[in-house]
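# Remarks on the overall topology
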There are 2 protein chains.
Amino acid sequence: MSAVGRKVRNTAIDYRQVSEQWNAEHQGQRKPTINDVAELAGVSKKTVSRVINNSPLVNEETRDGIQTVIQTIGYQPDPQARGLAFRRSFLVGMIYDNPNPQYVVNMQLGILDGLRGTAYELVVHPCDRDSDRFIEDAKQFVELQKLHGVILTPSISEDDRITDMLREIGCAYVRVASIALDMEQRMIVTNDRIGSRAAARHLAELGHRRVAFIAGRGSFRSAHERRSGFEEGLAEFGLKLSPDYILQGNYTFESGLEQGAKLLALDPPPTAVFAANDEMAAGVVQALRIAGLDVPESLSVVGFDDFEVATRIWPRLTTVHSPTRDIGRLAAERLLQSESADSEVSGTGQTTPHLVERESTASPAS
Amino acid sequence: MSAVGRKVRNTAIDYRQVSEQWNAEHQGQRKPTINDVAELAGVSKKTVSRVINNSPLVNEETRDGIQTVIQTIGYQPDPQARGLAFRRSFLVGMIYDNPNPQYVVNMQLGILDGLRGTAYELVVHPCDRDSDRFIEDAKQFVELQKLHGVILTPSISEDDRITDMLREIGCAYVRVASIALDMEQRMIVTNDRIGSRAAARHLAELGHRRVAFIAGRGSFRSAHERRSGFEEGLAEFGLKLSPDYILQGNYTFESGLEQGAKLLALDPPPTAVFAANDEMAAGVVQALRIAGLDVPESLSVVGFDDFEVATRIWPRLTTVHSPTRDIGRLAAERLLQSESADSEVSGTGQTTPHLVERESTASPAS
DNA sequence: CCTGTTATTGACACCGGTGACAATAAGTTT
DNA sequence: AAACTTATTGTCACCGGTGTCAATAACAGG
């Protein structure tokens, strides 16, 4: 290994030393760029670019040297410049319309969990599904920011208009929903049905026979899933949900309050009720409270979601816990997967909720 | 006005027609760039750039023509390219550690309100103030994304380490806090003190004389403000907060539960209590409920924040409402102001909370 | 030794904008 | 009329990366 060959790289470069000298000279005056790295390593910027992008077309020694320089001077590629060249950004969007703050925040935290350690950042984009410009708005947002991809959460994730638009402009996406609405690599399924089944079993096992259900907003997939799951669970015990005992709510606390009041007027009254979410369950509890009745003595109440409200009211709600944060993480991971070479989607893309027993349920007084 | 002059612009260009033809030819195949606009308008891209950036150095007719082209072909400057040239991005960061989902979401909505119609987008960055890497993390985030600016909310907004870091790297910021901690153009003040005063007045006017206070986490500015304001309000009625009646909470529901229990053991018991936030107030209500006592009959309870929990529990909380969303909007507006020429900061930068009376307060029994 | 192949690297243009400064034309001054 | 201003516009390099394709060297085969 002669060190004199014309085109032979000077194998004697001490990358670390060279880089440390650079550090000393520039004392963090400016962030190093790819050009600095190239110069220090004695290669072209294109080669550095190859290293950054894990190209296999780089000699191992060269790669090591460049990596040493990168480490030492603390070089980080500029996402903006990279994005400009790639014609896309390193931003992930979360487009949502779910009004529940806890859901939103947990989902954000989960997505950020999934993004941690990557070059991606999260841009949030709440929207109003009822607005006639919302598709246009979203398109504008995605195109202008050249988003790497977006994560859609209920209920907007159930709207094909938005996914059609995204496919049309070639933007990757992952939908979070209670049933599989799309190809596997584009879905994270929350399996509300299984959770609701557990709620039904719990009530049946406590001995309830006259059981009511307060449905969620009909236009939401989860409303159907939660109802179906509940009916399935009851069926396992030979119980049927009588039509009289099915009340229509819309997922709000107020609707729970209303339907809770109606519940009390039923004859014979149910001994238990499953509300399709905690907000409505809390409404039912408050309705009883206003009527001077106690939960669970007069009525057992089960919710769904296990949001904060479930533990803030008294009695605390027995409810179905859904791992929102994990769901967010899975969604982000799946979104980033779509770019990596592993054509196979890893992980199940399914999450399973579970029942949390608290004080709002008990055996019927009989 | 000869149309033959050598360097005279062809005044006969019909910008609209030319642009519509472009539209027809390209049928949305790709987004138009500044080069397209320049070509269609028959000017250099630099001149288009001037129009985009509202430079006064452009002839009015030229500007109109370019604007027509821009309108017609729907050109929008690429934020990434612009950012690269400007050495900064069109992203605003929200750095926060407040764990309350409703606060976070409302703040985000408010910031987005303030950003609407601008080229800016919001990137969220929750963090852990106790982590020893959190400053470093934040710095990394801000520098890598070259953020236009960041909005800091409590309690992290009270931490000078982060603002020092931001000033050092030359990043604009706006702090949201309960008192003025910084220069006017960098502050939005929430005036918790005034809100707490209102809470005190309310209780005093109802006839309460033995009044207790559950303090928030001592390291939060708001905890001091809320306490001081409350004491000031009481003082207006010649009342003093006895040391025995000051209990130390930490803003969590659990601490409210604990301190609520302690409250009951006081002799003589207070007839009313002001908890420094709704979570603790809800805890107090639950503590009474567990002890078999009624609110407000046994004890009037006032909270602070007017988050959802205030209306989900029974009785619903009398509390102090803070306009979180407006605060977010103001913060965003102030952040963007700092760049515009108007050296004077407009708007007050102050928001005032107000009392919302509900069922958790009443005159004392006696 | 000549030629084809593979491995590695670099040159150069380009992504879509902006900054610095020069160039041009028209109007003003002397 | 020459020289100076002012208003307006363009040229060219650059921001910090990547894509395309050519160049080079080392190696294998004939």
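Calculation rules
Residues numbered from 1 in each chain as written. Chains lettered and ligands numbered in written order. Predicted model: local features only at pLDDT ≥ 70, side-chain atom pairs only at ≥ 80, totals over all residues. Heavy atoms only, no water. Core = buried A, V, L, I, M, F, W, Y, C linked by side-chain atoms within 4.5 Å. Buried < 20%, exposed > 50% of the residue type's maximum accessible area, 1.4 Å probe, protein only. Contact = heavy atoms within 4.5 Å. Near = heavy atom within 4 Å. Polar contact = N/O pair within 3.5 Å; in protein donor to acceptor, adjacent residues only side chain to side chain. Helix = DSSP H or I, 4+ residues; strand = E, 2+ residues; numbered from the N terminus. Nonpolar A, V, L, I, M, F, W, Y, C, P; charged D, E, K, R; others polar. Axes fitted to C-alpha atoms, helices over the stretch in contact; angles between N-to-C directions. Parallel < 35°, antiparallel > 145°, perpendicular 65-115°, else oblique. Left-handed = near helix turned anticlockwise from the far one by under 90°. Least-squares fit on C-alpha atoms with pLDDT ≥ 70 in both. Pairing = 2+ DSSP bridges. Right-handed = clockwise from strand over helix to strand, strands pointing away. Buried area = accessible area lost by both parts, 1.4 Å probe. Phe/Tyr/Trp six-rings, centres within 6.5 Å; stacked < 30°, edge-to-face > 60°. Lys NZ or Arg CZ within 6 Å of the ring centre and 35° of its normal. Domains from an automatic or database assignment. Expected span 1.5 Å × (residues − 1). Arc of directions from axis to C-beta. Salt bridge = Lys/Arg side-chain N within 4 Å of Asp/Glu carboxyl O.

### Comments concerning the nonpolar core
Counting 134 residues, the largest nonpolar core has Leu122, Phe230 and Val301 of chain A together with Leu122, Phe230 and Val301 of chain B as its most contacted members. The contact partners of phenylalanine 230 of chain B, leaving out residues within four places of it in the chain, are Ser196, Arg197, Ala199, Ala200, Leu203, Val211, Ala212, Phe213, Leu241 and Phe274 of chain B.

### Considering the protein's contact with DNA strand D
Contacts to DNA strand D come from 31 residues, most closely from Ile34 and Ser49 of chain A together with Thr47, Arg50 and Thr62 of chain B. Of what DNA strand D places within 4 Å of the protein, 62% of the atoms are sugar or phosphate. Here arginine 82 of chain A contributes a side-chain N or O atom positioned 3.2 Å from a phosphate oxygen of DNA strand D. Of all the secondary-structure elements, those providing two or more residues to the surface near DNA strand D are α3 (45-52) and α5 (79-86) of chain A together with α3 (45-52) and α5 (79-86) of chain B. Its residues placed into classes, the surface near DNA strand D shows 12 nonpolar, 9 polar and 10 charged.

### Some points on the packing of helix α2 (residues 34-41) of chain B against helix α4 (residues 60-73) of chain B
Residues and elements named next belong to chain B. In the contact formed by α2 and α4, the axes pass within 9 Å of each other and the chain directions differ by 125 degrees. Classified by the interaxial angle, the pair formed by α2 and α4 is oblique. Every pair of crossing elements has a handedness; the one defined by α2 and α4 is right-handed. Residues Val37, Leu40 and Ala41 of α2 form the contact with α4, whose own contacting residues are Ile66, Val69, Ile70 and Ile73.

### Considerations on the relation of the copies chain A and chain B
By a simple turn and slide, chain A fits onto chain B: the slide is 0.0 Å along the axis, the RMSD is 0.0 Å, and the turn is 180 degrees. Taken together, the turn and the small shift mark the pair as related by a two-fold rotation axis. Comparing interface residues between copies, 100% of those in chain A also lie at the interface in chain B; the contact surface is shared.

### As for the sheet that holds strand β8 (residues 272-275) of chain A
By way of backbone hydrogen bonds, the strands of a sheet pair with one another, either parallel or antiparallel. Residue and element names in this part refer to chain A. In spatial order, the strands read β7-β6-β8-β9-β10-β11; together these 6 strands make up an open sheet with mixed pairing. Each having just a single partner strand, β7 (246-248) and β11 (354-356) make up the two edges of the open sheet. When the angles between neighbouring strand axes are averaged without regard to direction, this sheet yields 20 degrees. Sheet analysis places β8 next to strand β9 (residues 300-305), joined by 3 bridges and oriented parallel. Note that in β9 the partner of phenylalanine 274 across the bridge is valine 302. Those strands touched by helix α11 (residues 253-265) are β6 (211-215), β7 and β8, and its axis lies near 150 degrees from that of β7.

### A look at the pairing of β9 of chain A
As a general feature of sheets, a regular strand has side chains that alternate between the two faces. Residues and elements named next belong to chain A. Burial analysis of β9 places 6 of its 6 residues in the buried class, which makes it a mostly covered element. What joins β8 to β9 is helix α12 (residues 278-290), and the crossover it makes is right-handed. Bridge count between β9 and strand β10 (residues 318-321): 4 bridges; the pairing is parallel. From the neighbouring strand, aspartate 305 faces β10, where its bridge partner is histidine 321.

### Details of the interface of chain A and chain B
Interface size is commonly expressed as the accessible area that is lost once the parts come together. Counting residues at the interface gives 46 residues for chain A and 46 residues for chain B. Three residues, Gln80, Arg312 and Trp314 of chain A, lead the burial of chain A against chain B; their summed loss comes to 18% of the area buried on that side. Where chain A packs against chain B, one counts 15 residue pairs in polar contact (both at pLDDT 80 or more). Sorting the residues of the side of chain A that touches chain B by element identifies α5, β1 (91-96), α6 (101-115), β2 (121-126), α7 (134-145), α11, α12 and α13 (309-312) of chain A as the ones contributing at least two each.

### A look at the protein's contact with DNA strand C
Neighbouring DNA strand C are 32 residues; Thr47, Arg50 and Thr62 of chain A together with Ser49 and Asn53 of chain B lie closest to it. The sugar-phosphate share of atoms of DNA strand C within 4 Å of the protein amounts to 61%. Within the side chain of serine 49 of chain B, one N or O atom sits 2.3 Å away from a phosphate oxygen of DNA strand C. Here a sugar or linking oxygen of DNA strand C sits 3.0 Å away from a polar atom, N or O, in the side chain of tyrosine 75 of chain B.

### Details of the packing of aromatic side chains
What characterises a pair of aromatic rings is the spacing of the ring centres plus the angle enclosed by the ring planes. Enumeration according to the criterion identifies 16 aromatic pairs over all chains in this entry. Taking 5.7 Å as the distance between ring centres and 25 degrees as the angle between the ring planes, the aromatic pair formed by phenylalanine 213 of chain A and phenylalanine 230 of chain A counts as stacked. In this pair, phenylalanine 213 of chain A sits in strand β6 while phenylalanine 230 of chain A sits in helix α10 (residues 221-235), placing the two residues 17 residues apart along the sequence. An identical accessibility class is assigned to phenylalanine 213 of chain A and phenylalanine 230 of chain A; each is buried. Members of the aromatic cluster, each reached through a chain of ring pairs, are Phe213, Phe230, Phe274 and Phe304 of chain A. Across from the ring centre of phenylalanine 86 of chain B, 5.7 Å away, lies the NZ or CZ of arginine 88 of chain B, which sits over that ring. Looking at arginine 88 of chain B, its charged tip hangs above the ring of phenylalanine 90 of chain B, at a distance of 4.7 Å from the centre.

### Looking at the sheet that holds strand β8 (residues 272-275) of chain B
Residue and element names in this part refer to chain B. Strand order in the open sheet formed by 4 strands is β7-β6-β8-β9, and the pairing between neighbours is parallel. This sheet does not close on itself; its edge strands, each paired only once, are β7 (246-248) and β9 (300-302). Taking the axes of each pair of neighbouring strands and ignoring which way they run, one obtains an average angle of 20 degrees across the sheet. When strand β6 (residues 211-215) meets β8, the two strands line up parallel, connected through 4 bridges.

### With respect to the pairing of strand β4 (residues 172-177) of chain B
All names here are of chain B. Most of β4 is tucked away: 5 of the 6 residues are buried. The pairing of strand β3 (residues 149-152) with β4 spans 4 bridges and is classified as parallel. Bridging from a neighbouring strand, leucine 152 pairs with arginine 175 of β4. Where β4 and strand β5 (residues 187-189) come together, 3 bridges link them in parallel fashion. Along β5, the bridge assignment pairs alanine 177 with valine 189.

### Here we look at the domain arrangement of chain A
We note that the domain assignment places domain 1 (3-77), domain 2 (86-191 + 324-338) and domain 3 (192-321) within chain A. The C-alpha-based centres of domain 1 of chain A and domain 3 of chain A are spaced at 63 Å.

### A look at the side chain of arginine 175 of chain A
Residues and elements named next belong to chain A. As for its position among the elements, arginine 175 is in strand β4 (residues 172-177). Take arginine 175: its relative accessible area is 2%, and that puts it in the buried class. Within the local environment of arginine 175, its side chain forms a polar contact with the side chain of aspartate 160, the two groups lying 2.9 Å apart. Setting aside residues up to four positions removed in sequence, arginine 175 forms contacts with Leu152, Ser157, Glu158, Asp159, Asp160, Thr163, Leu181, Asp182, Arg186, Met187 and Ile188.

### Overview of the environment of lysine 139 of chain A
All names here are of chain A. With respect to the helices and strands, lysine 139 occurs in helix α7. Sequence-wise, lysine 139 and isoleucine 73 are 66 residues apart; in three dimensions their C-alpha atoms are separated by 39 Å. What lysine 139 contacts, discounting residues up to four positions off in sequence, is Met165, Glu168 and Ile169.

### Examining helix α11 (residues 253-265) of chain B
With 13 residues, α11 of chain B should cover 18 Å at 1.5 Å per step; its first-to-last C-alpha distance of 19 Å lies within 8% of that length. For α11 of chain B, every residue scored as buried is listed here: Phe253, Ser255, Gly256, Gln259, Gly260 and Leu263 of chain B. All buried residues of α11 of chain B fall inside an arc of 145 degrees around its axis, so they share one side. On its buried side, α11 of chain B packs onto α13 of chain A together with β6, β7, β8 and α12 (278-290) of chain B.

### Considering the pattern of salt bridges
All names here are of chain A. Summed over the entire model, instances satisfying the criterion amount to 48 salt bridges over all chains. Across the pair aspartate 36 and arginine 30 runs a salt bridge, and its minimum N-O distance is 3.1 Å. A residue is classified by how much of its surface remains accessible, and aspartate 36, at 9% relative accessible area, is buried. With relative accessibility at 40%, the residue arginine 30 sits in the partly exposed group. The network of salt bridges with shared partners includes Asp160, Arg175, Asp182 and Arg186.

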